[in-house]
Amino acid sequence: NTMKKISTILKKFGAFVKTKKAKWKTAAIILAIIVVVIIASGGKKADLQLVGVTKGTINETVSITGNTSPVESVELSFGSSGIVSRVDKTVGTKVTKGQLIAQLNSSDLGAQVNQARANLAAQQAKLEGIQAGSRPEDIAASQAALDKAKQDLENIYTSITDTSNDSYSKANDAVRVQLDPLFYDDETAKPQLTYSTSYSIDSVITKRAAASVILNVWQGAGGESQIAKNISDLSTIRTMIDITSKSLDQSTNLSATTLAAYKSAITVAVGEVNVASKNLNTLSQNIASQKLTINQLQAQLDLKQAGSTPQDISAQMAQVASAEAALQSAYARLSNNRIVSPINGVITKIDAKVGQLATTGTPLISIISDSAFEVNALISEIDIGKVALDNTVSMTLDAFPGETFVGTVFYIDPAQTSADGVVGYKIKISFDTADPRMKSGLTAN
């Protein structure tokens, strides 16, 4: 019935509007609409609600579930292999950053560190000395050392005659006294053996004659050249004694007593010649050594008098740098034998035992931070677009019913994570206020 009434009214107003001017058309249309509304409402007055319009913020909430985890978590191992010598901590023990937990046997490494440290100190002191230059007293000390070395060489030269004469006496006794019973016509051009032998007699006779010539022209005075000649002559005499001994071993007409006596004489002769040769060689070596000492002291004095050059300073600075590198290397080797906590935290695992063999890179100790925790969660791809860094997070933990914790999103993984075919993104949430009751692995909503 209402619709029929509305239709009838609209038809009548339509006819009216067609007969009037345009300005009445608008009024007629508005009036028609009012009538229709009144009829449609059954003739009753409409209830209207007035609302004041204001501008505000619309918040969107994303609900997820995650778990608490320590902000820092590390697994530690030795940097080198060896036998574990000490383990200072146990599971559950709190440790601070830099605290020693376990160590391998490293007594030799400690000695290497000390040696490297001492070498560095010596090189640095030398550099400071070069940079400061030579002091007058240093130059005077070097000059005194050089003068003494030269005097010592003169004293050695003075002893040449005595040493040479002593060597002559020993050689003369060996040839003309100890070996005299083995020869007759000793001092002639062709001395002869007093016994028969199957050994080559000619070589023995030749060497014995040469020995007499050597002793007859022996000179005790002279320098280093005379020492060298004396040493060579003693070598010839020693050869003569050796071949005489061989001829005696092949003798055919000597009694056992005589043979024993001759051999004893040869032994004494060999000993005398050996001592004489040794004394002359020692004298020659002393002269050479003293000359080297003089050259070194002269070079040191020249260097001090000339002063340090930039090249000297640079070279010594390089030595200091090398010593520093050696010390750092020694420290590194020692550090590889220790496990030191890199964070403040709690030990959750210790697999190191005293006496066991530890291998490089095998995790033996685990540590987690004891106060700083975060929440790790996975957000679906549907909701990830609604989450941004620094968003405020309200959390409840099953471990603490009725309590609410506030945090902030501080990390969003840029790459997706697939779990059971579902794509999600990992986020990390920090707690605005640390709570000492917090533990790892608690469920957070």
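See the structure shown above.
Let me sum up the structure you'll find in this document. (Residues numbered from 1 in each chain as written. Predicted model: local features only at pLDDT ≥ 70, side-chain atom pairs only at ≥ 80, totals over all residues. Heavy atoms only, no water.)

As for the overall build of the protein
Consideration 1: For the protein, the helix and strand inventory stands at eight helices and 17 strands.
Consideration 2: Expressed as a percentage of its 445 residues, the buried residues of the protein come to 31%.
Consideration 3: Of the contacts made within the protein by residues no fewer than 6 positions apart, 74% connect residues no fewer than 24 positions apart.
Consideration 4: Accessible surface computed for the protein: about 26,700 Å², of which carbon and sulfur atoms make up 54%. (Helix = DSSP H or I, 4+ residues; strand = E, 2+ residues; numbered from the N terminus. Buried < 20%, exposed > 50% of the residue type's maximum accessible area, 1.4 Å probe, protein only. Contact = heavy atoms within 4.5 Å. Areas by Shrake-Rupley, 256 points an atom, 1.4 Å probe, with all protein chains shown as cover.)

A look at the sheet that holds strand β11 (residues 365-368)
Consideration 1: Across the sheet, which stays open at both edges, the four strands sit in the order β2-β11-β9-β4 with antiparallel pairing between neighbours. Only two strands of the sheet have a single neighbouring strand rather than two, namely β2 (73-76) and β4 (94-95).
Consideration 2: Pairing between β4 and strand β9 (residues 345-350): two bridges, direction antiparallel. The residue bridging V95 from the neighbouring strand is G345, located in β9. (Pairing = 2+ DSSP bridges.)

Details of the pairing of strand β16 (residues 422-431)
Consideration 1: Bridge count between strand β12 (residues 373-380) and β16: seven bridges; the pairing is antiparallel. Counterpart to L378 in the pairing with β16 is K426.
Consideration 2: In this sheet, β16 lies alongside strand β14 (residues 405-412) in antiparallel orientation, the contact comprising five bridges. Across the sheet, the residue bridging to T408 is S430, located in β16.

Points about the side chain of T244
Consideration 1: You can see T244 is positioned in helix α6 (residues 224-249).
Consideration 2: By relative accessible area, T244 is classed as buried at 0%.
Consideration 3: With sequence-adjacent residues up to four places away left out, T244 is seen in contact with L182, F183, Y195, V204 and I266.

So, the nonpolar core
Consideration 1: L179, L182, L234, I237, I241, I266 and I287 are the most contacted members of the largest nonpolar core, which totals 37 residues.
Consideration 2: No other element matches the 12 residues that helix α7 (residues 256-306) contributes to this core. (Core = buried A, V, L, I, M, F, W, Y, C linked by side-chain atoms within 4.5 Å.)

Structural notes on the side chain of T408
Consideration 1: Locating T408 in the fold gives a position in strand β14.
Consideration 2: Of the polar contacts made by the side chain of T408, one reaches the side chain of D432; its length is 3.2 Å.
Consideration 3: Sequence-distant contacts of T408, that is, excluding residues within four places in its chain, are made with D390, N391, V393, K428, I429, S430 and D432. (Polar contact = N/O pair within 3.5 Å; in protein donor to acceptor, adjacent residues only side chain to side chain.)

Quick word on unusual backbone geometry
Consideration 1: Phi angles above zero are rare outside glycine, and D185 is one such case at about 55°.
Consideration 2: Mapped onto the fold, D185 is located in the loop between β6 (183-184) and β7 (192-193).
Consideration 3: Its relative accessible area of 42% is what places D185 among the partly exposed residues.
Consideration 4: Here the phi dihedral of D390 falls at roughly 75°; this positive angle occurs in a residue that is not glycine.
Consideration 5: By the element assignment, D390 lies in the loop between β12 and β13 (392-395).

A few points about the sheet that holds strand β3 (residues 82-87)
Consideration 1: Spatially, four strands are ordered β8-β5-β3-β10 in an open sheet, and the strand pairing comes out antiparallel. What marks the edges here is a single partner per strand, and that holds for β8 (338-340) and β10 (357-358).
Consideration 2: Relative to strand β5 (residues 100-104), β3 runs antiparallel, the two sharing three bridges. Residue pairing for β5: V87 is matched across the bridge by A102.

Focus: the packing of aromatic side chains
Consideration 1: Inspection of the entire model under this criterion finds four aromatic pairs.
Consideration 2: Here Y195 and Y262 contribute two aromatic rings whose centre-to-centre distance is 6.2 Å and whose plane-to-plane angle is 45°, an arrangement assigned as tilted. Of the two residues, Y195 is situated in the loop between β7 and α5 (201-216) and Y262 in helix α7; the sequence distance between them amounts to 67 residues. As far as burial versus exposure is concerned, Y195 and Y262 are alike and both buried.
Consideration 3: On the numbers, 6.2 Å between centres and 85° between planes, the contact of F405 with F431 is edge-to-face. With F405 in strand β14 and F431 in strand β16, this pair connects stretches of sequence that are 26 residues apart.
Consideration 4: Given a relative accessible area of 14%, F431 falls into the buried group.
Consideration 5: In this structure, R208 is placed above the aromatic ring of F183, and the distance from its NZ or CZ to the ring centre is 5.7 Å.
Consideration 6: Sitting over the face of the ring of F400, R437 holds its NZ or CZ atom 4.3 Å from the ring centroid. (Phe/Tyr/Trp six-rings, centres within 6.5 Å; stacked < 30°, edge-to-face > 60°. Lys NZ or Arg CZ within 6 Å of the ring centre and 35° of its normal.)

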